[in-house]
Amino acid sequence: MVQDELLKIFDNNLISRLADKAKDQIEYWDIRASSKEGSSVEFTDNKSKEISAYQINKCGIRTFLNGGWGFLVLENPNKQDIFNKFDEAIKLAKFSESMVKHNFKIKESDSINERFEIKSKKNLLDVGIEEKIELVKHHEKTSSTFNSNIKNTHTFYYDVTAQTIFVNSFGSEIKQDLSLLRIYNEVYAAKNGLVQRGRNSVGGLGGFEITTTDKAKKISKKSAKQATELLDAKSPIGGSFTLIMDPKLTGTFIHEAFGHACEADHILNKESILEGKIGKKVALDKVTIIDDPTMGKGKELGLPYELYGSYFVDDEGIPAQKLRIIEDGILKNYLHNLETASRMGEKPNGHGRASSSTSKPQVRMGITLLQPGDWKLDEIIEETNEGILCEDFQYGYTDPTSGNFQFKCKMSYKIENGEKRELMRDVALSGMTLEVLNRISAIGNKISYSDGMCGKGGQGVRVCDGGPYIRVEDITVGGLG
Amino acid sequence: MKNQNELLDLLQYGLNFINKSNENIRASELFLNNNEYINIEIEENSIKNSEIGEETGLAVRIIDNRGTLGFSFTNFIEKKPIKDTIRNAIKMMKAGTPDPDFKDLPSTINNYPSINRLYDKDIEILKIEDCFAYVEDLIKLCNNDDMAISQTSRFKTNISQTFILNTNGIEISGKETVCSIMSNIIVKDKTTNETSFGYNWQSKREIKELDVLKVGQKSLEDAKSNLNRKKVKNMKVPLVLTPFGTLSLIMRPIASAIDAETYQYNRSFLVGKKGKKIGTPHLTIEDNALMDGSSGSYRFDDEGVPCKDKTIVEEGKFLEDGLLHNSYTANKDNTESTGNGFRSSYSSTPSIGTTNFVFSTGDIKKDEIIGSVKKGILLDYTGDSPNISTGDFSGLILHGALIEDGEIKHPLNETMLGINLLDLFQKIDAVSEEYQVFGSYRAPYVRIKEVNIIGSAK
């Protein structure tokens with residue numbers, strides 16, 4: 001990528017000519033373009049499976065008229081293409097508008113003219129592919145030699161360096177220089193025909209230094225250890241239990257079962273259990289949930305990079321901000337993009353996010369967190385007579401209309417008389433989101449975050465979620481019978 | 001977009017550039033894919049977004065004499081960036097480790113099957129304004145229904161062109177169309193305020209085959225049938241899978257378990273079961289790429305290997321050659337690729353995918369199947385999927401019902417099911433003659449003799 005090549009396309013001349021075209025025809029438009037290059041290294045069983053490099057430029061033009069949206073996607077854009085295709089994009093908004101039932105206007109927000117940059121100590125473009133390969137090799141070796149039960153290892157590293165530009169009809173012009181990476185390690189262990197898996201990942205915004213943190217260094221050993229331990233784990237027995245969730249599972253619950261229900265597009269589409277609940281009590285007094293994707297959290301945690309779910313501005317040019325969702329048990333806010341905020345008479349709060357410049361922004365979470373309480377983990381366990389301590393999750397899903405959720409946990413320990421006992425695998429727990437928020441009997445005093453990709457409507461965006469250990473009463477656990 | 005000849009010339013230029021290089025190259029491949037699409041979205045039962053777009057990309061795979069793969073891709077389809085991308089792929093290749101299993105890329109093949117109706121001229125000439133007629137029916141359907149409170153749906157058409165050239169003599173190109181409709185309808189019981197959703201979709205090669213209204217009606221029907229949900233107690237009873245249930249509990253897990261890559265890494269619950277009975281004689285499954293006009297049909301896969309029709313499970317027996325291969329996994333097993341090397345996009349290397357995945361229908365009516373159950377559970381949808389390496393399944397029934405005296409009584413709340421798939425296959429005791437098509441999957445109703453249900457009623 002030639003530095004700033006893409007950014008130069010969007011000069012004042014082009015922008016004012018586009019504005020002239022849009023005038024008297026449509027009410028709002030924005031353009032997002034990105035120039036990305038990156039690499040990936042994938043190893044299986046200590047062998048390179050795929051080593052790749054790429055270079056991609058893309059652009060999406062979005063148009064709006066009285067409730068109808070148009071979206072036009074361009075490969076590898078140049079000034080002439082953007083100028084010519086803009087007419088077609090205008091037409092698309094007009095088509096939508098001619099059929100739309102809910103007419104509304106987009107409320108103008110303040111324009112931003114700024115250039116944001118993710119700082120890194122070790123710039124990804126300066127790191128040779130050989131060094132990335134050495135890193136992946138190291139993790140492969142660590143997990144494959146952990147013990148003789150390890151049958152299969154898989155490590156995947158990828159990085160992206162991108163320049164992006166956002167311009168809109170409110171006069172915003174936002175340029176960003178971004179870099180991020182993620183490394184993922186998966187291990188399969190086998191014994192007597194039984195196969196178990198452990199997997200862990202670390203991701204962040206920054207340079208190659210992300211891979212040198214303690215957490216990043218430990219992923220392969222951790223995966224191998226988990227897979228091995230699960231070989232001797234017992235199958236759970238179904239029933240109703242007191243459950244202690246670790247920060248990862250708490251985060252997943254807050255994100256999957258609760259967070260999605262706070263997305264204002266779901267509210268408008270009547271597919272959320274939280275419709276009409278603003279200002280009402282939805283959880284116990286001690287429950288406070290926020291979404292705060294602003295930069296700086298990495299530093300607070302002593303990490304040399306920004307958390308994976310953080311961003312400067314969302315994909316509609318609205319700054320990331322700390323948002324209270326539940327405060328002391330009361331539902332305070334939904335997550336909004338430009339459209340939902342305009343329609344519901346609220347201010348946009350920075351949650352219009354898209355997976356790339358060729359996808360439309362949707363209402364999405366950033367970094368979602370259950371605030372800590374005052375219980376120490378030891379106390380929570382000691383004061384639990386009988387229950388299950390669940391650490392980490394495999395996956396989860398929720399029926400948005402009813403709030404019925406299920407999560408499959410990774411490592412689950414029986415609790416008996418206040419003591420942590422044997423390990424169980426594949427504990428599947430289910431319940432109703434709002435009931436759980438009202439059955440929390442202890443909230444831990446320490447939080448941690450985990451990162452991942454969240455999928456919605458076919459788009460994946462970077463997110464984090466987190467919280468402390470919590471204890472919940474009366475949760476249904478399904479076993480294999 | 002450049003025309004077909006210009007693109008082929010560019011690819012040939014790339015291949016010549018590779019051939020002139022002095023590296024220890026064993027084989028290389030250029031893959032180019034171009035998509036042009038229309039996408040209309042309905043939200044809150046109203047048109048929300050109209051979208052058109054184009055995606056073009058070129059991917060280069062190069063392997064050296066050590067079997068090391070280098071991969072690179074770009075969306076700049078011009079001579080200079082193509083050369084840069086090839087140089088990148090070579091650089092990646094040289095940095096990698098040897099892989100004796102990566103023996104070669106596929107070689108010249110001339111016997112490509114002919115399949116009718118994979119390309120629809122009507123889609124090519126379709127303008128976005130013509131597409132509104134298709135979604136209007138869906139909107140009307142919900143407007144005219146008292147209980148329907150919202151609908152999200154999506155209408156899509158895509159024209160795809162693929163070119164594959166490799167140094168082993170493969171040179172093939174093809175053009176395909178696909179159109180699809182997805183509908184998710186939310187209903188509300190006005191007296192109890194209970195809500196529920198129904199979800200259905202269809203994808204076809206030809207637009208005249210698309211039955212938009214049927215998809216909407218099915219979603220609406222499913223949503224309504226899941227109102228007034230009740231908890232049930234633990235029980236050990238027969239289970240009836242709807243076609244959607246069969247898809248998620250039997251067909252998708254088998255599709256994952258017969259992926260040769262998963263199998264070779266011993267991550268499949270079917271490892272060690274080749275040539276053995278894994279189910280009752282009611283279980284017959286094929287992967288058939290050659291069905292005329294079907295959305296899972298292909299003449300060649302994304303490595304340029306001809307596609308075919310393969311039986312996977314025959315009357316309960318998992319066949320010796322029941323795995324799906326791309327060229328890499330086939331070489332590793334000293335067999336031939338089954339033509340199942342597919343890429344999710346040009347930006348990834350070929351992994352393994354199914355074509356049309358078909359569960360053979362039985363000879364009994366679905367009403368007889370349900371009618372035969374004195375007390376049992378109907379399973380339509382679970383958000384869950386089994387653990388492919390163990391075959392264990394333990395999941396929440398999101399759409400299901402209690403069956404009593406051969407009749408569907410009421411839908412379920414907080415009800416879970418736990419079973420191992422091999423156990424489930426051995427308990428299949430009836431398959432319906434009716435089936436439903438979900439994109440490239442064809443699934444019938446299936447009855448399982450007995451399963452453990454974990455209810456939450458006290």
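Residues numbered from 1 in each chain as written. Chains lettered and ligands numbered in written order. Predicted model: local features only at pLDDT ≥ 70, side-chain atom pairs only at ≥ 80, totals over all residues. Heavy atoms only, no water.

What to know about the packing of helix α4 (residues 128–143) of chain B against helix α5 (residues 212–225) of chain B
Residue and element names in this part refer to chain B. The line we're drawing: Here the axes come from fitting lines to C-alpha atoms, over the contacting stretch only for helices, and the angles between their N-to-C directions go from 0 to 180 degrees. Numbering of helices and strands starts at the N terminus; helices are DSSP runs of H or I of at least 4 residues and strands are runs of E of at least 2. Oblique is the label for every angle not falling under 35 degrees (roughly parallel), over 145 degrees (roughly antiparallel), or within 65 to 115 degrees (roughly perpendicular). Note on convention: near helix rotated counterclockwise from far helix by under a right angle means a left-handed crossing. Clockwise means right-handed. The contact rule is simple, with two residues in contact once any of their heavy atoms fall within 4.5 Å.
Contact geometry of α4 with α5 gives a least axis separation of 9 Å together with a crossing angle of 30 degrees. It follows from the interaxial angle that α4 and α5 lie roughly parallel. The element α4 and its partner α5 pack so that their crossing is right-handed. Residues Y134, D137, L138 and L141 of α4 touch α5, and the partners they reach there are V212, L213, G216, Q217 and L220.

Some words on the interface of chain B and chain A
Worth spelling out the cut-off: Once two parts are put together, the accessible area they lose, assessed with a 1.4 Å probe and summed over both, is termed the buried area. A pair is scored as a salt bridge if a Lys or Arg side-chain nitrogen falls within 4 Å of a carboxyl oxygen belonging to Asp or Glu. Classification convention: Asp, Glu, Lys, Arg as charged; Ala, Val, Leu, Ile, Met, Phe, Trp, Tyr, Cys, Pro as nonpolar; all other residues, Gly among them, as polar. We call two strands paired when DSSP finds no fewer than two bridges between them.
Taken residue by residue, the interface counts 78 residues in chain B and 74 residues in chain A. The junction of chain B with chain A conceals about 6300 Å² of combined surface from both sides, 51% of it contributed by carbon and sulfur atoms. Connecting chain B to chain A are 7 salt bridges. Among the elements that take part in the side of chain B that touches chain A, strand β2 (residues 46–64) of chain B stands out by supplying 11 residues, more than any other. Split by residue class, the side of chain B that touches chain A holds 24 nonpolar, 35 polar and 19 charged. Bridging between strand β2 (residues 47–65) of chain A and strand β3 (residues 69–74) of chain B involves 4 bridges; their strand directions are parallel. If you follow A:A53 over to β3(B), its bridge partner there is B:S72.

Here's the deal with the sheet that holds strand β9 (residues 289–291) of chain A
Residues and elements named next belong to chain A. Taken in spatial order, the 6 strands line up as β12-β11-β9-β15-β22-β21 in an open sheet, and their pairing is mixed. Each edge of the sheet is formed by a strand with only one pairing partner; in this case those strands are β12 (330–331) and β21 (448–456). Strand direction decides the pairing type here: β21 and strand β22 (residues 459–467), joined by 9 bridges, are antiparallel. Bridged to C454 within β22 is V461. Against the sheet, helix α6 (residues 247–258) contacts β9, β11 (323–327), β12, β15 (367–370), β21 and β22, and its axis sits at roughly 130 degrees relative to β22.

A short note on the environment of A:I381
All names here are of chain A. For I381, the position within the fold is in helix α10 (residues 377–382). As for I381 and I51, which are separated by 330 residues in sequence, their C-alpha atoms are 46 Å apart. Once you skip the residues sitting within four places of it in the chain, I381 turns out to touch I244, L389, I415, G418, E419 and K420.

Geometric values such as these leave the question of function open.
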